[in-house]
Amino acid sequence: MTRIANAPVCEVLDTIGGSEAPAAYRIGVTGPPGGGKSTLINALVKERLKDGIDKTLAVLAIDPSSPVSGGAILGDRIRMDAIANLPGLYLRSLSSRGARNGLCDNVVDLLTLLETHGFDEVILETVGVGQSEIAVHEVVDTLVVIVPPDAGDSVQTMKSGILEMADIVVVTKADQPGARRMASDLSAVLRKRGDRDVPVLQTEAVGKGVAALNQAIDDHRAWLADNHPQALTRDSRRRYHLQALIDREVREALKADTGILRGTLTTSYDRLLAALRAK
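What you are looking at is a predicted structure, and each value in this text was computed from that prediction instead of being measured.

Regarding its fold elements, the chain presents 11 helices and seven strands. Within the chain, the fraction of its 279 residues that count as buried is 45%. Contacts in the chain between residues far apart in sequence, at least 24 positions, make up 74% of those at least 6 positions apart. Total accessible area computed for the chain in this model is approximately 14,400 Å², and 51% of it derives from carbon and sulfur atoms.

Here the focus is the pattern of salt bridges. On inspection of all chains with the given rule, the structure shows 10 salt bridges. The closest approach of N and O atoms between Arg-3 and Glu-11, which form a salt bridge, is 2.7 Å. For Glu-11, a relative accessible area of 26% gives the class partly exposed. Put simply, Arg-26 and Glu-115 hold a salt bridge, and the shortest N to O gap is 3.0 Å. Of this pair, Arg-26 sits in strand β1 (residues 25–30) while Glu-115 is found in helix α5 (residues 107–116), placing the two residues 89 residues apart along the sequence. Under the relative-accessibility criterion, Glu-115 is labelled buried at 9%. A single network of salt bridges, built from pairs that share partners, joins Arg-48, Lys-55, Glu-121, Asp-218 and Arg-221.

Turning our eyes to something else, we now look at the packing of aromatic side chains. This structure, assessed with the given rule, holds one aromatic pair. Where Tyr-90 meets Phe-119, the ring centres are 6.1 Å apart and the plane angle is 50°; that geometry is what we call tilted. On the criterion of sequence distance, the pair formed by Tyr-90 in strand β3 (residues 89–95) and Phe-119 in the loop between α5 and β4 (121–125) is long-range, its members being 29 residues apart. With relative accessibility at 26%, the residue Tyr-90 sits in the partly exposed group. Overall, Phe-119 belongs to the buried group, its relative accessible area being 16%.

Read from one edge to the other, the open sheet built from seven strands follows the order β3-β2-β4-β1-β5-β6-β7, with strand pairing classed as parallel. Among the strands making up the open sheet, the edge pair consists of β3 and β7 (200–202). On average, each strand axis in the sheet is tilted by 20° relative to the strand beside it, whichever way the strands run. In this structure, strand β2 (residues 57–63) lies alongside β4, joined through five bridges in parallel fashion. Paired with Ala-58 across the bridge in β4 is Val-122.

In this fold, Asp-167 is placed in the loop between α7 (153–159) and β6 (168–171). Looking at Asp-167, its side chain comes within polar contact range of the main-chain nitrogen of Leu-143, at 2.8 Å. A polar side-chain atom of Asp-167 sits 3.3 Å from a polar atom in the side chain of His-220.

We now examine the nonpolar core. With 45 residues, the main nonpolar core has Leu-60, Leu-124, Val-169 and Leu-186 as its most contacted residues. For this core, the element with the highest residue contribution is α5, accounting for six residues. In this structure Leu-60 touches Arg-92, Leu-94, Leu-110, Leu-111, Leu-114, Val-122, Ile-123, Leu-124 and Glu-125, once residues within four positions along its chain are discounted.

Here is what the cut-offs are and how they apply
Residues numbered from 1 in each chain as written. Predicted model: local features only at pLDDT ≥ 70, side-chain atom pairs only at ≥ 80, totals over all residues. Heavy atoms only, no water. Helix = DSSP H or I, 4+ residues; strand = E, 2+ residues; numbered from the N terminus. Buried < 20%, exposed > 50% of the residue type's maximum accessible area, 1.4 Å probe, protein only. Contact = heavy atoms within 4.5 Å. Areas by Shrake-Rupley, 256 points an atom, 1.4 Å probe, with all protein chains shown as cover. Salt bridge = Lys/Arg side-chain N within 4 Å of Asp/Glu carboxyl O. Phe/Tyr/Trp six-rings, centres within 6.5 Å; stacked < 30°, edge-to-face > 60°. Pairing = 2+ DSSP bridges. Axes fitted to C-alpha atoms, helices over the stretch in contact; angles between N-to-C directions. Polar contact = N/O pair within 3.5 Å; in protein donor to acceptor, adjacent residues only side chain to side chain. Core = buried A, V, L, I, M, F, W, Y, C linked by side-chain atoms within 4.5 Å.

Shown next as structure tokens:
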């Protein structure tokens, strides 16, 4: 995992480019910083693995990049130590590597790598959430958006962005003032998607409400199986992955040869294409 997380595109393709492994079921969890994402994931992981069957689950937690090393600050990994020894579970913190969409530029490589190792499900936690941070919707099957009772202006931002993409909304810290009102307001503004209503649930840090969330995820998975062709999901993921790889190839070429940037725009463009063809 570490090698692929830091590998150039050519090495990534050598490792996973020929994979035909079945897709894992991907659950995205996003929301404002400090909203309780890691606490909720702790409880959700326990719930999804509690049956004791041979299920395997990976958690990829994307942390802000360290301004010194560029690596993950590891806050989420520390907060998840309570579940680190659960059988069938793999935990990994990833640096956002400066990405501004709540993910990291190589997250799809790592999701694919986990699938080659046979994981049944992957939970992907983003750095934070904002109007532009909707990329997570492109790479997961079920998107859970969390909203704390004191979200305030964050909700106004999310209404025109990630909240419209949510498959499930969770109001965390439901034992705090304002939680019930927040859940009611969100239920009123969320529009029906397709032939299903977007459920708005409430959870507490002690685990209350997590069983309902677990069931809502299973219900959404069943709804997708009946209403969303797998080929459409596969094509959408492949498009996103190809675009991510091309973006990195361009960055690698520009970093390797700053001379590409000199001259007219047309000259720079032609040099860039020539550099990409030479790879």
